[in-house]
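What follows is each chain in one-letter form.
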Amino acid sequence: MVRLLIIISRYILVLLSALFSFVSFKSLKDSNKNQYRYVILQRILMYLIHFIMFAIIYVYSEKTDIIFFYLGQVFYFVLFNIVANKVYKRYHKPLMNLMIFMLMVSFGIITRLSYTRAVRQFYICVFATVIAMSMPKIMEKSKKIRNYSYIFGVLGIGALALVYVIGNVTLGAKLSLDLHFITIQPSEFVKISFVLFLSGILYKSKTIKGVLISGIFAAIHVLILVVSKDLGTALILCVVYLFIVYMATGKKIYLIGGLFAGSAASLVAYKLFSHVKVRVEAWINPWPIIDDKGYQITQSLFAIGTGGLFGSGLFMGLPNSVPVVEQDFIISAICEELGSFFSICIVLMSMCIFIISIRIALNCKDEFYKLTTSALACTYGFQIFLTVGGAIKLIPSTGVTYPLLSYGGSSLLSTIAIFMILQGVYINETKHN
Amino acid sequence: MKRNTINDNLIKTTYIFIILFGLLISYLLIFVIFESGNIIDNSYNKRIDTLSNYVDKGNIYSKDLEVLATTDEDGNRYYPYASLFCHVVGSTAMGNTGLENAYNYEMLSSNVNIFKKFINELSGEKHPGNSIVTTLDVNISQNCKNALGGYKGAVIVMDPTDGSVLSMVSNPDYDPNTVARDWDTLSSSTNGELLNRATSGQYTPGSIFKIFTLYDYITENPDTYKNYNFTCKGTVDFGDYTISCSNKIWHGNEDLLISFANSCNCSFVNLSEGITTESLSNICKKLLFNSDLPIEIEYKSSVFSLTADDSSFMKHQTLIGQGKTLVSPIHMILVMNAIANDGVLITPRFVSKLIDYSGTILEEYEIKNHAILFTKEETDILKEYLRQVVLTGTASSINNSNYTLYGKTGTAQIDENGNINSWFVGFVEKNDKIYTICVVIENVNENASPAKNIASNIVNTLP
């Protein structure tokens, strides 16, 4: 009976998430007049999806803790909306809904994978939003952020260098700093400081000088990341650098030249570093090395392939057989149990988030924030390309997380911060009008 | 003006990212819809086994629809013929093997209609899984098993015209019904009960390798091989080593045909001058040594190992099948299949059809050509040589007027104490049908070479 319920729920979840993406895209198109309708529709749909996921988790696991956890989340989301309404009258509501929706799906799937981790993630989320809530206020008050670009640049390099010197090794890469009570991944925050640094330099000087100075800093960032074996972040920073230079100067040669230089650098990295070689080998043909280097990607493909278009239903698959499924391969778990259609809706919503961010940048008159916003959008978008592409074997796996969906405090904190920066830009811009 | 250009760049950037998102979505869809079916049926995919919580695994039938494996009321796998098909059909209790593994996903999928599925879900009943119809013949398998008796070894019988595996038995065996209970004994046993010797056994070929030596010599000396002549005096002395014929028999004056029929070691070592290592190596590669074989169940490839750097001793040893070369019985019978079928190797198959619980055919597996290994002219020559072995050579004792038998015997020395592996590979034309057969008996005393007699017993009982 429970199984039947779970099997039927798959179709309902796919239908609701498809509707949610449809409404989100529709809200992009229509004028402000009807905006509130879409916001209400989004809220109804996302609370329904959230409810269904946790209802199934409760029915299957029969733990009363789940009910309290669920109610705690609902209380938090509602409170979050009320406070946001009070503090900032005109924030971007569809974008906020998309963020909360992603968090809801994240809590659902992580609870299914590991209840204790989900609770931990929830606490971090509460902490993160309290901090991030102040972001737009800070941005409004402090006009000087743009003048601190070198501080951001040096800070980023310093943080990464610190990790390289005293960092912990997780899964072969130096990623985190152990502060005894908590471990943090500075590279997640460097993504933001890097963007603030780049836009600070480039909005002032779009000449070859600005491009060169920012390029030198970018190269140092990337080199430290490569020797720390954090290839995913290295790649993201490279791409963001190329795009922000292109957006600031409008010269395609930077983008095309950069792509060629990047390909050449990748080739050198492939020859030089064994950990790059391993990833590429596992991507080209993982089957002969299924026991070893190809294990992770093949398990991910099994998960996605066996789940099929509608998924196996929550608890009906074996997502935990994919190594680090809560982090780098969260999309495989979603594909397996909630279906590839559901995952496609998730990717579509990420695309929607990307488009909304670019829109905010388009309407922003302050060139510094225009560049910041669009570069953050690129960071977000490219990270999704890397994590999903890696899980489905479109590209070699680079070990990056899915923003907002994956388990991990630093990633969650920095992504919420990015979203609040976007909101801050939007709020300040609408105030000026 | 400036602002607008930046916005233009933003919009172009957006298009690039939309293409990236589109790439992700379309690749995911293509993977799930078109490609995933081929990859998920893998023993590393533990998800398939969770299907058995909701589906009663389907049956495995013989060629004549006798049940070889089924699921009983308690959900356990039951094998009516006990150990007879234990290697080829396999078992499930301690990890899937054989066809139980190769067709696991198919048999754990159910084609009952959605309405019935709904009723089953409500009443908590499992869906009946789909079944496979194999090409295995119960009678032939029983005869093979009887002929093999207490010997360690393997027998394969196939139909070379459509690639069907009619029988595949391996000794010693185990009872798949009690494999879980017997696991401790089986897994620690040194007898290799769990090993399917027919596909995964690797044996020194001995004289059956002379088929490859012969084929290479004919290919390299197409105009002169018919004029070949040699006088065998039982042994040949090469200074630091000697090569001798079995029991040091003097075969006397012989041409190539009679050298092959007599399996004359001295004469075959003498061929060495007309054989280049490079050519032999290429021919073995073409005939599927050191290559993947089109076999659905677990197997080992044959290993040909001779390079131009090896000593002439090693080359001589290899020519008579005593070098470092190792072969698996399934590979040897595939070569026979190609010779018996005018050079065309049909992809071997164990399963002909997939049917649902009511017997409706869901899929018929087509007969496919795997490769062309020989030309028709070459197989005609090889057939003449293989026939001569039975007419006047080492297998003349099993010649019989009821059928036309072709083949090659082999006696491979495996240690210094006179222990050998005994081989017979060949094919028979009987009652307008063609069967290929491969028999290998391991570790018997030199005086007994039982393989050809076992082959003869089996051929006598073939329909």
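These remarks concern the structure in this document. On a predicted model such as this, the values are computed, not experimentally measured, just so you know. (Residues numbered from 1 in each chain as written. Chains lettered and ligands numbered in written order. Predicted model: local features only at pLDDT ≥ 70, side-chain atom pairs only at ≥ 80, totals over all residues. Heavy atoms only, no water.)

Let's shift gears to the overall build of chain B. In terms of regular secondary structure, chain B is built from 16 helices and 19 strands. Projected onto its principal axes, the C-alpha coordinates of chain B cover approximately 95 × 75 × 45 Å. For chain B, the proportion of its 463 residues judged to be buried stands at 54%. Accessible surface computed for chain B: about 19,700 Å², of which carbon and sulfur atoms make up 49%. Computed over 34 positive and 51 negative side-chain charges, the inter-centroid distance for chain B is 3 Å. (Helix = DSSP H or I, 4+ residues; strand = E, 2+ residues; numbered from the N terminus. Buried < 20%, exposed > 50% of the residue type's maximum accessible area, 1.4 Å probe, protein only. Areas by Shrake-Rupley, 256 points an atom, 1.4 Å probe, with all protein chains shown as cover. Lys, Arg positive; Asp, Glu negative; His and termini not counted. Charge placed at Lys NZ, Arg CZ, Asp CG, Glu CD.)

Residues and elements named next belong to chain B. Judged by pairing direction, the sheet is mixed, and its six strands sit side by side in the order S4-S3-S2-S6-S14-S15 without closing on themselves. Two strands lie at the open edges of the sheet, namely strand S4 (77-78) and strand S15 (361-364), each paired on one side alone. Sheet topology note: the strand S14 (residues 351-355)/S15 ladder contains three bridges and is antiparallel. Note that in S15 the partner of leucine 354 across the bridge is glutamate 363. (Pairing = 2+ DSSP bridges.)

Quick look at the interface of chain B and chain A now. Contact residues are listed per partner, giving 37 residues for chain B and 60 residues for chain A. Here chain B meets chain A over a buried area of about 4,500 Å², counting both sides, of which 76% is carbon and sulfur. Interface area lost by chain B to chain A is led by Phe21(B), Tyr44(B) and Arg47(B), which between them contribute 17%. For the pair chain B and chain A, the number of links is one salt bridge. (Contact = heavy atoms within 4.5 Å. Buried area = accessible area lost by both parts, 1.4 Å probe. Salt bridge = Lys/Arg side-chain N within 4 Å of Asp/Glu carboxyl O.)

Most of the time, phi is negative for any residue but glycine, and the peptide bond is trans. A cis amide bond links Asn171(B) to the next residue, Pro172(B), at an omega of -5°. Mapped onto the fold, Pro172(B) is located in the loop between strand S8 (164-171) and helix H7 (183-188). The phi torsion at Glu62(A) lies on the positive side, around 55°, for a residue other than glycine. By secondary structure assignment, the location of Glu62(A) is in the loop between helix H2 (35-61) and helix H3 (64-87). Positive phi values are uncommon outside glycine, yet Lys393(A) reaches one of about 65°. Residue position: Lys393(A) is located in the loop between helix H16 (367-391) and helix H17 (409-432). Looking at Lys393(A), the relative accessible area reads 17%, which means it is buried.

Now for empty space enclosed by the protein. Residue and element names in this part refer to chain A. In total, this model carries four cavities of 30 Å³ or more according to the counting rule given. Sorting the residues of the lining of the largest cavity by element identifies helix H8 (186-204), H16 and H17 as the ones contributing at least two each. Looking at which element gives the most residues to the lining of the largest cavity, the answer is H17, with four residues. When its residues are assigned to classes, the lining of the largest cavity shows three nonpolar, five polar and two charged. In this structure, the second largest cavity occupies an estimated 50 Å³ of space. As for the second largest cavity, its lining consists of Asp328, Phe329, Leu386, Thr387, Gly390, Ala391, Ser397, Thr398, Gly399 and Val400. When its residues are assigned to classes, the lining of the second largest cavity shows four nonpolar, five polar and one charged. (1 Å grid on protein atoms, 1.4 Å probe; cavity = no way out; pocket = protein on both sides within 12 Å on 5 of 7 lines; lining within 4 Å. Points joined across faces, edges and corners; volume = space filled by probe spheres on them. Nonpolar A, V, L, I, M, F, W, Y, C, P; charged D, E, K, R; others polar.)

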